[in-house]
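# Fold and geometry: a report
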Amino acid sequence: MGISLDMNEDIGILVVTYLPEPVTPNDLAKQRKMVADALSSSVIQKVLIDASSLLRFPPIVAALEHNEKIAEDEKLKTIKYAVLCSSLGQDERSLETTGINRGIYLKCFTSRKDALSWLVEEQEK
């Protein structure tokens, strides 16, 4: 799995970037651990996941299980997530819907500017 993390303390966002490689359920588990580890030593509560270079979005079953694991994690479930996608199709909307249905504050975007704007706006309670 090709993934990089960039902690941007200035704007309070962790940027997770996927390289254009296939993503497996194992890769998603590694990504959750990497994000949790990075956030455990930080006060950052916002994550931009840049999946725009992925050749194919993970299968919906893998995305559903990924969201379930996030919702079960005490740290990860409190984070605000913006997912940057190359397009917004059925898989991306399913990722968003299954996340929201599990109490995850998540939204998918095709514009990095829009994703960052949404992340930095005040979270409604």
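Scroll up for the structure.
This write-up is about the structure you can find in this document. (Residues numbered from 1 in each chain as written. Predicted model: local features only at pLDDT ≥ 70, side-chain atom pairs only at ≥ 80, totals over all residues. Heavy atoms only, no water.)

## Side note on the environment of Ser53
Within the fold, Ser53 resides in the loop between strand S3 (46-50) and helix H2 (60-72). For Ser53, a relative accessible area of 29% translates into the label partly exposed. Non-local contacts of Ser53, meaning those with residues more than four positions away in its chain, are made with Tyr18, Leu19 and Pro20. Among the polar contacts listed, one links the side chain of Ser53 to the backbone oxygen of Tyr18, at a separation of 2.7 Å. (Helix = DSSP H or I, 4+ residues; strand = E, 2+ residues; numbered from the N terminus. Buried < 20%, exposed > 50% of the residue type's maximum accessible area, 1.4 Å probe, protein only. Contact = heavy atoms within 4.5 Å. Polar contact = N/O pair within 3.5 Å; in protein donor to acceptor, adjacent residues only side chain to side chain.)

## With respect to the packing of aromatic side chains
By the definition in use, this model includes two aromatic pairs. Plain terms: the ring middles of Tyr105 and Trp118 are 5.2 Å apart, the flat faces sit at 50° to each other, and that makes the pair tilted. In this pair, Tyr105 sits in strand S5 (residues 105-109) while Trp118 sits in helix H4 (residues 112-120), placing the two residues 13 residues apart along the sequence. Exposure remark for Tyr105: the relative accessible area of 25% places this residue in the partly exposed category. Accessibility expressed as a relative area gives 10% for Trp118, which makes it buried. Taking 5.7 Å as the distance between ring centres and 50° as the angle between the ring planes, the aromatic pair formed by Phe109 and Trp118 counts as tilted. Taken individually, Phe109 and Trp118 each receive the classification buried, so the pair is uniform in this respect. Three or more aromatic residues joined by ring pairs form one cluster here, namely Tyr105, Phe109 and Trp118. In this arrangement the basic side chain of Lys80 is found over the ring face of Trp118, its NZ or CZ atom lying 4.5 Å from the centre. (Phe/Tyr/Trp six-rings, centres within 6.5 Å; stacked < 30°, edge-to-face > 60°. Lys NZ or Arg CZ within 6 Å of the ring centre and 35° of its normal.)

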